[in-house]
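Here is what each chain is made of, one letter per residue.
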Amino acid sequence: MPVHNEEIAAAFDEIADLLSLSGENPFRIRAYRRAARSVRGQPGELAQKIAQGFDPDSLPGVGADLAGKMRELAGTGRCRMLERLRRSTPAGLRELLSLPGIGPQRARALYQALDIRGLAGMRDAIAHRRVRSVQRFGPKLEERLRAALAARTQHGKRVYASVAAPVARALCDYLAAVPLVTRVEVAGSYRRGRDTVGDLDIVVCAPPGADVDAALVKFDETATTLASGPTRSSVVLRSGLQVDVRVVPEESFGAALYYFTGSKAHNIRLRGIALSRGLKINEYGVFRGRKRIAGDSERSVLEAVGLPYIAPELREDRGEFEAALAGRLPALVDRAQLRGDLHVHTHRTDGTASLEEMADAAARAGLEYIAITDHSKYLGAVHGLDAAAVARQIDEIDAFNAGKRRLKVLKGIEVDILEDGTLALPDTVLKQLDVVVAAVHGQFTLPRTRQTNRLLRALDHPHISIIAHPTARLLEERAGIDCDWSKILRRASERPCYLELNAQPSRLDLDDVLVREAAASGALISIASDAHAIHDFAYLEAGVRQGRRGWLTPAQVLNTRPLREVRALLRRTSLN
Ligand code: DGT
Ligand code: CA
Ligand code: CA
């Protein structure tokens, strides 16, 4: 069985976590994280390429030592160093890192002071109010941890949509090749474009007698079969992801796809509307009495109840029915409308490619312009740029733009918003740039008022153009910062300062709800890849999907505009 990129990357992340728990050198830890990122950014399966002679040493940021581990993982699915580390670290200690406010130092402190070795021990210690007495903890942090643990038990681990995507595609291709199958679609939260999925729901169109269930059991990645039958089957894949498959005939395909796309709340409303018109709707079709009047396509289903087509991303019962009935559904943005990307890194800081290489990759991704926004020098960024390095990069960009390339490069920076709301580089540096992307990279747990004031103060800064990944959340790992967003959004739209929808798979920040609120308050949204490697421009697709969940039209997105207009809009953000 081939080893997937995600498995290699996850092993490197685990090594980095375990090294940090043992207090290892931060540079060594960073090398593993960077390698994990590099592997995730690879198109196609590395294991396959390595088997065909590809040398992982040639990947950006990967030296001989890491390349060796990559070969080991690709060839055997194992890594001896990781196994050694696992043996020397109490099992479960790593889980603690997933709690808000717990980094390696605090995890070590909990282990040393209270012998806490995992989430269960943590729960117990909190219940006995013992955590507050550990040095550098206190009652407030204990309370936050209690809340985080309580939230955790309500939902199991969800999977990033981007991690499920290659699996979903492989499985769909596989099922589409089963004799008699005419169509295969992924439904569920995946089709609605959610950032994470609980499981995959697949609707297959085939006549009775197609052996879809038998084929599914034999799928290369299937680990366990939960249920298997001619119309519905469920399996768990090797990665732990569950897949529910429904097999339906031609005349019900649209109704089944609609039903299993959900959301449940949306379906319930739709059924209510149908009922009020004397119709019954279910996964087999739309019925008047016993007569089926629609069901082969989604459009036929909606048309039968008197509604226009509603895009899957909108099906959350968040006003889409009211909008549809009033003829006011938004014409949603799509990927082809993006002309640029205003958040891109190079190897000058933590990226893995040169300006030229990133520019070429962006052009191949169909973009007309990018902004290079490497990190400012600050504690948070190990290789951050100082004023002299910014000046050198400005020259480099001028030289690039002087060449006769179609793609143009804007001068930018990703600057830290410090705890007090000031920025980590002086105005004299910032004012030379076309784009100042400012971001919170630390102090995630300030109380609401202080956090809000921090961002409001940043918004008063004369040179800030865009706030990057505004909530600083990490999916399934770190909750976003606690702020009065309506205040911040209002201030951003008055100023103006634009807000980012960061398309990194672990961020997708702003989320769907806030992005909609931001656009409604008049703020323009920059959908940005935050690319660190040449393949990362592919993330824009997921950013757009989330934008669509936030009801974004192209006019509400900054980077659907041609460069000339974007330049003018960016100039407006400079207050002097
Ligand atoms: P997930 O898997 O947690 O990311 O979220 P979904 O939305 O994919 O939910 P899932 O997999 O439980 O079910 C897939 C779809 O099937 C769901 O979005 C709507 C439909 N569905 C499931 N259960 C019900 C139900 O009890 N009533 C109705 N109306 N629809 C349901
Ligand atoms: Ca699902
Ligand atoms: Ca399901």
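The structure displayed is predicted, hence computed values, not measured ones. (Residues numbered from 1 in each chain as written. Chains lettered and ligands numbered in written order. Predicted model: local features only at pLDDT ≥ 70, side-chain atom pairs only at ≥ 80, totals over all residues. Heavy atoms only, no water.)

## Here we look at the packing of aromatic side chains
Overall, the coordinates contain three aromatic pairs when judged by the stated rule. Judged by centre distance (5.8 Å) and plane angle (65°), the rings of phenylalanine 12 and tyrosine 32 are edge-to-face. Of this pair, phenylalanine 12 sits in helix H1 (residues 5-21) while tyrosine 32 sits in helix H2 (residues 26-40), and the two are 20 residues apart along the sequence. Ring centres of tyrosine 174 and phenylalanine 219 lie 4.9 Å apart, and the angle between their planes is 50°; this geometry places the pair in the tilted category. Here phenylalanine 219 lies in the loop between helix H11 (212-218) and strand S5 (222-227) and tyrosine 174 lies in helix H9 (residues 161-176), a separation of 45 residues in the sequence. A relative accessible area of 29% places tyrosine 174 in the partly exposed class. Judged by relative accessible area, which is 7%, phenylalanine 219 ranks as buried. Positioned over the ring face of phenylalanine 137 is arginine 106, at 5.5 Å from the centre of the ring. Over the face of the ring belonging to phenylalanine 444 we find arginine 478, whose NZ or CZ atom lies 3.7 Å from the ring centre. (Phe/Tyr/Trp six-rings, centres within 6.5 Å; stacked < 30°, edge-to-face > 60°. Helix = DSSP H or I, 4+ residues; strand = E, 2+ residues; numbered from the N terminus. Buried < 20%, exposed > 50% of the residue type's maximum accessible area, 1.4 Å probe, protein only. Lys NZ or Arg CZ within 6 Å of the ring centre and 35° of its normal.)

## Here's the deal with the domain arrangement of the chain
It is common to report an interface's size as the accessible area lost on association of the parts. Domain annotation of the chain identifies domain 1 (5-155), domain 2 (160-325) and domain 3 (335-572). Averaged C-alpha coordinates put domain 1 and domain 3 at centres separated by 27 Å. Each side of the interface is counted separately: domain 1 has 11 residues, and domain 3 has 14 residues. Interface of domain 1 and domain 3: buried area, both sides summed, is about 1,200 Å²; carbon and sulfur atoms make up 54% of it. For the domain 1 face of the interface with domain 3, the top three residues by lost area are Arg30, Arg34 and Arg37, together amounting to 41%. Put simply, domain 1 and domain 3 have zero salt bridges between them. For the interface between domain 1 and domain 3, the tally reads three residue pairs in polar contact (both at pLDDT 80 or more). (Domains from an automatic or database assignment. Contact = heavy atoms within 4.5 Å. Buried area = accessible area lost by both parts, 1.4 Å probe. Salt bridge = Lys/Arg side-chain N within 4 Å of Asp/Glu carboxyl O. Polar contact = N/O pair within 3.5 Å; in protein donor to acceptor, adjacent residues only side chain to side chain.)

## Observations regarding the coordination of the calcium ion (ligand 3)
Binding of the calcium ion (ligand 3) to the protein goes through Asp199 (OD), Asp199 (OD), Asp201 (OD) and Asp244 (OD), at separations of 2.3 to 2.8 Å. All donors to the calcium ion (ligand 3) come from one chain, and their sequence spacing reads D-x1-D-x42-D. Separation of the calcium ion (ligand 3) from the calcium ion (ligand 2) amounts to 3.8 Å, with aspartate 199 serving as a shared donor to the pair. Accessibility assignment for this pair places aspartate 199 and aspartate 201 in one class, buried. (Donors = N, O, S within 2.8 Å, 3.2 Å for Na, K, Ca; no water.)

## Comments concerning the site of ligand 1
Neighbouring residues of ligand 1: 16 residues in total, closest Arg158, Ser189, Arg192, Gly198 and Asp199. At 2.8 Å, a side-chain N or O of arginine 158 approaches an oxygen atom of ligand 1. Contact distances for ligand 1 include 2.8 Å between an oxygen atom and a backbone N or O atom of glycine 198. Protein burial of ligand 1: of its 600 Å² of free accessible surface, 72% is covered by the chains. Broken down by secondary-structure element, the contributors of at least two residues to the shell around ligand 1 are helix H10 (188-191), helix H12 (253-261) and helix H13 (264-276). A per-class count over the shell around ligand 1 returns three nonpolar, seven polar and six charged. (Near = heavy atom within 4 Å. Areas by Shrake-Rupley, 256 points an atom, 1.4 Å probe, with all protein chains shown as cover. Nonpolar A, V, L, I, M, F, W, Y, C, P; charged D, E, K, R; others polar.)

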